[in-house]
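Here are the chains, one letter per residue:
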Amino acid sequence: MALATIGSRRRIRRWCSAAVTVAVSGAGLVVGTSSAVAGDFYTPPAQLSPGNSAPGVILRSQPIPLVLQVPGFSGPWPGTATRIMYMTSYQDKDPVAATGVVVEPIAAWRGRGPRPTVVMGPATVGQGDQCATSKTMNTPVAFQDKGSVALNYTAPELYLLLNNGVRVAIPDYVGMGTPGVATYLNRAEQGYAMIDAARAALRLADAPGNAPVAFSGYSQGGSAAAAAVELAPDYARELDIRAAYAGAPVADVLSVIDKADGHDAGSIGYFFNGLAVRYPKVKEILDRELNSAGKAMLATVAQQCVFDTGRTFGNRRTSEWTNTGESFGALIRRSPDLLKAVDDQRIGRGKPTVPVLLESAPADTDVPYAQVRQLYDEWRGKGVPVTMTVDGTPPLPGGWTHNVGMMTNLMPAVSYLIGALAD
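Residues numbered from 1 in each chain as written. Predicted model: local features only at pLDDT ≥ 70, side-chain atom pairs only at ≥ 80, totals over all residues. Heavy atoms only, no water.

Caption draft 1: Expanded view of the state of the cysteines. Tallied over the entire structure, the rule returns one disulfide. The disulfide that involves Cys131 links it to Cys305, with 2.2 Å between the sulfurs. Every disulfide takes its handedness from the sign of the S-S torsion; for Cys131 and Cys305 that torsion is -105°, giving left-handed. Placement of Cys131 in the loop between strand S6 (117–121) and strand S7 (141–143) and of Cys305 in the loop between helix H8 (292–301) and helix H9 (306–313) is noted, with a sequence separation of 174 residues between them. Overall, the relative accessible area of 0% leaves Cys131 in the buried class. Given the relative accessible area of 0%, Cys305 is considered buried. (Disulfide = S-S within 2.5 Å. Helix = DSSP H or I, 4+ residues; strand = E, 2+ residues; numbered from the N terminus. Buried < 20%, exposed > 50% of the residue type's maximum accessible area, 1.4 Å probe, protein only.)

Structure representation (structure tokens):
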């Protein structure tokens with residue numbers, strides 16, 4: 001099914017261009033602030049009954065305004081938004097509450113069967129609670145408390161899906177907004193959060209059990225989508241999952257850490273912070289191996305959004321933060337317990353049972369092409385119906401090859417998903 005109801009492509013391209021520009025440079029910015037919400041919305045109930053602990057159960061919901069504010073494109077969205085707190089799972093399958101947003105489209109669904117749902121995983125937003133996508137829905141850039149700057153990348157894809165009559169669920173991931181540490185790039189937890197956001201969205205809409213579902217995301221969101229489609233055959237057999245799009249997914253974290261050192265070093269701190277709260281031995285290793293500057297870095301990024309972290313730590317070398325002067329990559333490779341914890345996050349060992357579209361650019365300096373190709377080869381070797389698009393964006397300074405890939409692959413990805421959902 002083609003993108004029949006997208007509307008003006010010129011307007012969409014103008015919006016996409018503006019969104020990327022303000023997200024990175026702030027030039028010509030129409031600044032938004034996070035939606036005013038009761039502080040206790042993000043605090044789970046102190047006690048939950050067994051029935052309220054099941055994956056996908058909605059603990060609370062709250063309608064929120066959805067009015068886009070970007071240069072040259074401001075006004076109401078073609079949908080209505082509801083902030084939700086729902087149940088999902090830690091990596092060991094114990095229950096945990098998470099938050100997110102469900103957006104119900106105004107447009108009719110013109111494909112076969114009931115209205116479908118796409119669960120869209122946000123790209124890296126940071127680790128502080130103020131960075132949660134559910135708090136920044138109305139603008140790509142939001143000034144938060146204490147000068148923090150939060151980014152929201154979801155709007156272009158959200159707009160396209162809504163105009164095609166597709167329901168959209170956007171998880172914040174475990175620990176983002178809610179109590180605890182956001183477990184950045186944790187394979188199981190981000191995958192479960194995506195799957196259970198689908199369950200919650202279907203419940204919120206009172207959708208029929210056969211309503212189709214797909215997963216989508218780019219960068220961290222691509223990792224979440226890939227993890228979800230890999231975990232779903234065991235974790236959510238009842239869902240009618242049709243397809244997934246995973247753009248530039250982080251499938252092999254160690255190779256991405258090697259690339260990030262020297263130009264995106266602070267984001268490695270998000271990952272280490274998440275590992276430390278799930279693996280006690282990792283915390284012991286970090287306490288022993290990191291110097292005072294390294295420990296201060298971890299404490300600082302835990303409260304930051306990605307824009308703040310880039311300004312503070314973006315071009316640093318991780319060797320500055322270890323007692324031995326070795327890089328984080330070298331530290332991981334010589335520490336068996338740390339290496340195992342990192343290896344647990346590898347995507348590619350499972351077997352999706354539905355079609356998957358992968359995308360990567362050979363010139364991407366943020367998320368290496370080789371590890372996406374490895375994921376493709378692993379899944380293809382298991383008989384997964386996986387397709388891979390090679391993005392020809394040339395080498396661009398400052399990580400722009402990675403950023404541009406999100407936009408150049410947007411329409412092909414949405415077309416792919418809608419085609420799968422419409423069958």
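Caption draft 2: Representation of the environment of Gly56 in the model. Following the sequence through the fold, Gly56 ends up in the loop between helix H1 (9–24) and strand S1 (58–64). Here Gly56 falls in the buried class, since its relative accessible area comes to 0%. Through-space distance from the C-alpha of Gly56 to that of Ala97 is 9.5 Å; in sequence the pair is 41 residues apart.

Caption draft 3: Highlighting the side chain of Ser360. When you line up the elements, Ser360 lands in strand S12 (residues 356–360). For Ser360, a relative accessible area of 0% gives the class buried. Excluding anything up to four places from it in sequence, Ser360 contacts Val367, Pro368, Tyr369, Val372, Met388, Thr389, Val390 and Asp391. (Contact = heavy atoms within 4.5 Å.)

Caption draft 4: Region of the structure containing the packing of aromatic side chains. Throughout the structure, instances matching the rule amount to eight aromatic pairs. Centre to centre, the rings of Trp77 and Tyr159 are 6.0 Å apart; their planes meet at 75°, and the pair counts as edge-to-face. Linking Trp77 in the loop between strand S3 (73–76) and strand S4 (79–89) with Tyr159 in helix H2 (residues 155–163), this pair joins segments that are 82 residues apart in sequence. For the pair Trp77 and Tyr159, one class covers both residues: buried. Aromatic side chains Tyr184 and Tyr270 sit 5.5 Å apart centroid to centroid with 80° between the ring planes, which places their arrangement in the edge-to-face category. Note that Tyr184 is positioned in the loop between strand S9 (167–171) and helix H3 (187–204) and Tyr270 in helix H6 (residues 265–278), a separation of 86 residues in sequence. Relative accessible area serves as the criterion here: at 12%, Tyr184 is assigned to the buried category. Residue classification places Tyr270 among the buried positions, given a relative accessible area of 0%. Feature note: the residues Phe271, Phe272, Phe313, Trp321 and Phe328 constitute an aromatic cluster, connected by ring pairs. The ring centre of Phe41 lies 6.0 Å from the NZ or CZ of Arg60, which sits over that ring. (Phe/Tyr/Trp six-rings, centres within 6.5 Å; stacked < 30°, edge-to-face > 60°. Lys NZ or Arg CZ within 6 Å of the ring centre and 35° of its normal.)

Caption draft 5: Main features of H6. Across the 14 residues of H6, 12 count as buried, placing the element largely inside the fold. Within H6, the full set of buried residues consists of Ala265, Gly266, Ser267, Ile268, Gly269, Tyr270, Phe271, Phe272, Asn273, Gly274, Leu275 and Ala276. Close packing links the buried residues of H6 with helix H5 (253–260), helix H7 (280–289), H8, H9, helix H10 (328–334) and helix H11 (336–343).

Functional significance is not addressed by these values, which are geometric in nature.
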